[in-house]
Amino acid sequence: MPASTLYIGLMSGTSLDGVDGVLADFSGRGIRTLQAAFTPFPADLRTELMALQAASENELEREALAANALARCYADCVQQLLAQAPGPVRAVAVHGQTIRHRPELGFTRQTNNPALLAELTGVDVIADFRTRDIAAGGQGAPLVPAFHEARFGKPKTVRVVVNIGGIGNISVLHGDGRVSGYDTGPGNVLMDLWVARHTGKAYDEDGAFAASGKVDEPLLGILLDEPYFRQPPPKSTGRDLFHAEWLAGKLAQRPDLAPADVQATLTRLTAVSIAQAIRDATAGQPAQAVYVCGGGAYNSVLLKDIAAALGGAIPVKSTEELGVAPNRVEALAFAWLGYQFTRRRPGNLPAVTGAAGLRVLGALYPA
């Protein structure tokens, strides 16, 4: 009996809102999304995962307990998808929740309990995708460019795929098999932090709070004066750099701004840093279009800012136009990475991460 071509991919990102899951089919008729599901994080789990981003008391035990709770959220999302599957699922591929990312020190930490997830679901689980790339000298991120090429690449067509989750990253699909990309800097992470502080909302819906303010150019210059933006690739980043204390240090130089003006400026920061990365990565080979995925794709103010920062020369669109909803792309990417693992094929791109070579990514936890 041939092996199943159905996989479940799970992604919980830097925004810490919950678990996105997809049921995908890799039967040879393309990479198809059959179903999608979302499981929100309970408030106490979100708070604990946020707290674990920094050193704190008794964090080893607290992380283990949070990993168990996280695995139960993953299992809930998996069960929703299993109920809709037209046949047996080969494996669940799960990213885990990043709480530390320090490739310069040789490690990254995605908290998770994949053994518990396998026990709860009765399905093989593939997890821990980033550490092998780091062991090979890479950044361990971004891992999605290889999938972007597989799903969105088109011969003789230069496309840029921009993922805007908590952190922003770009994939440049050069149309000749080459792929380049890296983390650009903050995506939604600073915008979410600021809007939550001043409105109580988890995110700035469609950029409404930013639209009510005005960009402060001096603050924008201060924010952009961050060495990370000038660092050459390969590079990756996360909450280890772009966090509340980082923002507080910058705002101390412009202390009297209205909250809405800060929000507008943070939105512009994300747009400008992404646009600059696109210009740098496509120099001499202009992209025909930019396709945006992740939560940032639903922020029209941010998309307009990106288009403006690119000088209006490149259309900025949603990955919906390429057949994948923006909030499903990353989960689908990890389903693909699980598929690659079971075929013992590499999932990283050394040109993107800086690893010493192609590597099979992931670790198997049999059901």
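Our subject is the structure listed above.
Quick look at the structure, then. (Residues numbered from 1 in each chain as written. Predicted model: local features only at pLDDT ≥ 70, side-chain atom pairs only at ≥ 80, totals over all residues. Heavy atoms only, no water.)

1. Section: the overall build of the protein
Using the following cut-off: The helix count covers DSSP runs of H or I at least four residues long, the strand count covers runs of E at least two residues long, and both are numbered beginning at the N terminus. Throughout, exposure labels follow a simple rule: accessible area from a 1.4 Å probe, protein chains only, divided by the maximum for the residue type, with under 20% read as buried, over 50% as exposed, and the rest as partly exposed. Whether two residues are in contact is decided by their heavy atoms: any pair within 4.5 Å suffices. Residue burial considers only the protein chains on display, and all accessible areas are found by Shrake-Rupley using a 1.4 Å probe. For the charge count, each Lys or Arg is scored as positive and each Asp or Glu as negative, with His and the chain ends excluded. Where a charge sits is defined by one atom per residue type, namely NZ (Lys), CZ (Arg), CG (Asp) or CD (Glu).
A tally of regular secondary structure across the protein gives 14 helices and 13 strands. Burial analysis of the protein (367 residues in total) assigns 53% to the buried set. Contacts in the protein between residues at least 24 apart in sequence constitute 69% of all its contacts with a sequence separation of at least 6. As displayed, the protein has an accessible area near 15,100 Å², and 52% of this comes from carbon and sulfur atoms. If you average the places of the 33 positive and of the 35 negative side-chain charges in the protein, the two averages end up 8 Å apart.

2. A few points about the nonpolar core
Let me state the cut-off plainly: Definition used in this section: a nonpolar core is a set of buried Ala, Val, Leu, Ile, Met, Phe, Trp, Tyr and Cys residues joined via side-chain atoms within 4.5 Å.
Counting 45 residues, the largest nonpolar core has Val162 and Ile170 as its most contacted members. Counting residues per element, this core draws most heavily on helix H11 (residues 259-281), at 11 residues. Residues contacting isoleucine 170, with those up to four places away along its chain left out, are Pro145, Val160, Val161, Val162, Ser180, Gly181, Tyr182, Thr184, Ile274, Ala277, Ile278 and Ala281. In this structure, Leu143, Ala335, Leu337 and Val352 belong to the second largest nonpolar core, which totals 35 residues.

3. Digging into the sheet that holds strand S3 (residues 32-40)
Note the cut-off: When DSSP finds two or more bridges between two strands, those strands count as paired. What counts as an axis is a line fitted to C-alpha atoms, over the stretch in contact for a helix, and the angles between N-to-C directions run from 0 to 180 degrees.
Spatial strand order, S3-S2-S1-S4-S7-S13: 6 strands in an open sheet with mixed pairing. Only two strands of the sheet have a single neighbouring strand rather than two, namely S3 and strand S13 (363-365). In this sheet, neighbouring strand axes are inclined to one another by 20° on average, regardless of whether the strands run parallel or antiparallel. Bridge count for strand S1 (residues 6-11) against strand S2 (residues 18-25) is 6 bridges, and the pairing is antiparallel. Bridge pairing links methionine 11 to aspartate 20 in S2. Across the face of the sheet, helix H2 (residues 59-82) comes into contact with S1, S2, S3 and strand S4 (91-94) while running at roughly 140° to S3.

4. A word on the sheet that holds strand S10 (residues 179-186)
In spatial order, the strands read S10-S9-S8-S11-S12; together these 5 strands make up an open sheet with mixed pairing. The two strands at the open ends of the sheet, each matched to only one other strand, are S10 and strand S12 (316-318). Between one strand axis and the next, the sheet turns by 25° as a mean value, whatever way the strands run. Across the face of the sheet, H11 comes into contact with strand S8 (159-164), strand S9 (167-173), S10 and strand S11 (289-293) while running at roughly 160° to S10.

5. A short note on the pattern of salt bridges
Which entries qualify depends on this criterion: When a carboxyl oxygen of Asp or Glu is within 4 Å of a side-chain nitrogen of Lys or Arg, the pair counts as a salt bridge.
One pass over the full model with this rule turns up 10 salt bridges. Arginine 32 is the partner of aspartate 25 in a salt bridge, and the nearest nitrogen-oxygen pair spans 2.5 Å. By relative accessible area, aspartate 25 is classed as buried at 4%. For arginine 268, the salt bridge identified is with aspartate 305, shortest N-O distance 3.2 Å. Note that arginine 268 is positioned in helix H11 and aspartate 305 in helix H12 (residues 300-309), a separation of 37 residues in sequence. Given a relative accessible area of 25%, arginine 268 falls into the partly exposed group.

6. What about H2?
We count it as follows: Expected span, for any helix, means 1.5 Å times one less than how many residues it has.
In a regular helix each residue adds 1.5 Å, so 24 residues correspond to 34 Å; H2 covers 34 Å between its end C-alpha atoms and thus fits that length. Buried residues of H2: Glu63, Ala66, Ala67, Leu70, Ala71, Cys73, Tyr74, Ala75, Cys77, Val78 and Leu81, and no others.

7. Quick look at helix H10 (residues 244-251)
The cut-off we apply is this: To obtain the arc, one takes the directions from the helix axis to the C-beta atoms.
Along H10, the positions that sit buried rather than exposed are Trp246, Leu247, Lys250 and Leu251. All buried residues of H10 fall inside an arc of 130° around its axis, so they share one side. The secondary structure elements touched by the buried residues of H10 are helix H6 (189-199), helix H8 (217-224) and H11.

8. Side note on the packing of H6 against H10
Selection rule: Between 65 and 115 degrees an angle is taken as roughly perpendicular, under 35 as roughly parallel, over 145 as roughly antiparallel, and anywhere else as oblique. Note on residue categories: nonpolar means Ala, Val, Leu, Ile, Met, Phe, Trp, Tyr, Cys or Pro, charged means Asp, Glu, Lys or Arg, and polar means any other residue, Gly included.
Remark: H6 packs on H10, axes separated minimally by 10 Å, with the N-to-C direction vectors making an angle of 75°. By the angle class used here, H6 and H10 are roughly perpendicular. Residue-level inspection shows Leu190, Leu193, Trp194 and Arg197 of H6 in contact with H10, the latter providing Ala244, Trp246, Leu247 and Leu251. Residue composition of the contact of H6 with H10, by class: 7 nonpolar, no polar and 1 charged.

9. Here's the deal with the packing of aromatic side chains
In plain terms, the rule: Only Phe, Tyr and Trp rings take part, Trp by its six-membered ring, and two of them pair if their centres are within 6.5 Å. Stacked means planes under 30 degrees apart, edge-to-face means over 60, and tilted covers everything else. Ring-over charges, as used throughout, are those where CZ of Arg or NZ of Lys falls within 6 Å of the ring centre and within 35 degrees of the ring normal.
On inspection of all chains with the given rule, the structure shows 10 aromatic pairs. Measuring from ring centre to ring centre gives 6.1 Å for phenylalanine 147 and tryptophan 336, while their planes differ by 55°; the resulting arrangement is tilted. Taken together, the positions of phenylalanine 147 in helix H5 (residues 144-152) and tryptophan 336 in helix H13 (residues 329-342) put the pair 189 residues apart, joining distant regions of the chain. Neither residue differs from the other here; phenylalanine 147 and tryptophan 336 are each classed as buried. Ring geometry for phenylalanine 242 versus tryptophan 246: centroids 5.0 Å apart, planes at 75°, classification edge-to-face. Classification of phenylalanine 242 by relative accessible area gives buried; the value is 0%. For tryptophan 246, a relative accessible area of 9% puts it in the buried group. Taken together through their ring pairs, the aromatic side chains of Tyr228, Phe229, Phe242 and Trp246 make up a single cluster. Here the basic side chain of lysine 235 rests over the ring of tyrosine 228, its NZ or CZ set 4.4 Å away from the ring centre. The ring of phenylalanine 341 is capped by arginine 344, whose NZ or CZ atom sits 4.6 Å from the centre of that ring.

10. Observations concerning unusual backbone geometry
Put simply, alanine 141 and proline 142 share a cis peptide bond, and its omega is -10°. For proline 142, the location among the structural elements is in the loop between helix H4 (131-135) and H5. Looking along the chain, the bond that leaves proline 233 and enters proline 234 is cis, with omega of 5°. Residue placement: proline 234 occurs in the loop between helix H9 (227-230) and H10. With a phi close to 60°, aspartate 128 is a non-glycine residue in the positive phi region. Position of aspartate 128 relative to the elements: it lies in the loop between strand S7 (125-127) and H4. Exposure remark for aspartate 128: the relative accessible area of 35% places this residue in the partly exposed category. Phi angles above zero are rare outside glycine, and aspartate 206 is one such case at about 55°. With respect to the helices, strands and loops of the structure, aspartate 206 is situated in the loop between H6 and helix H7 (208-211). Given a relative accessible area of 40%, aspartate 206 falls into the partly exposed group.

Honestly, it's all geometry; don't read function into it.
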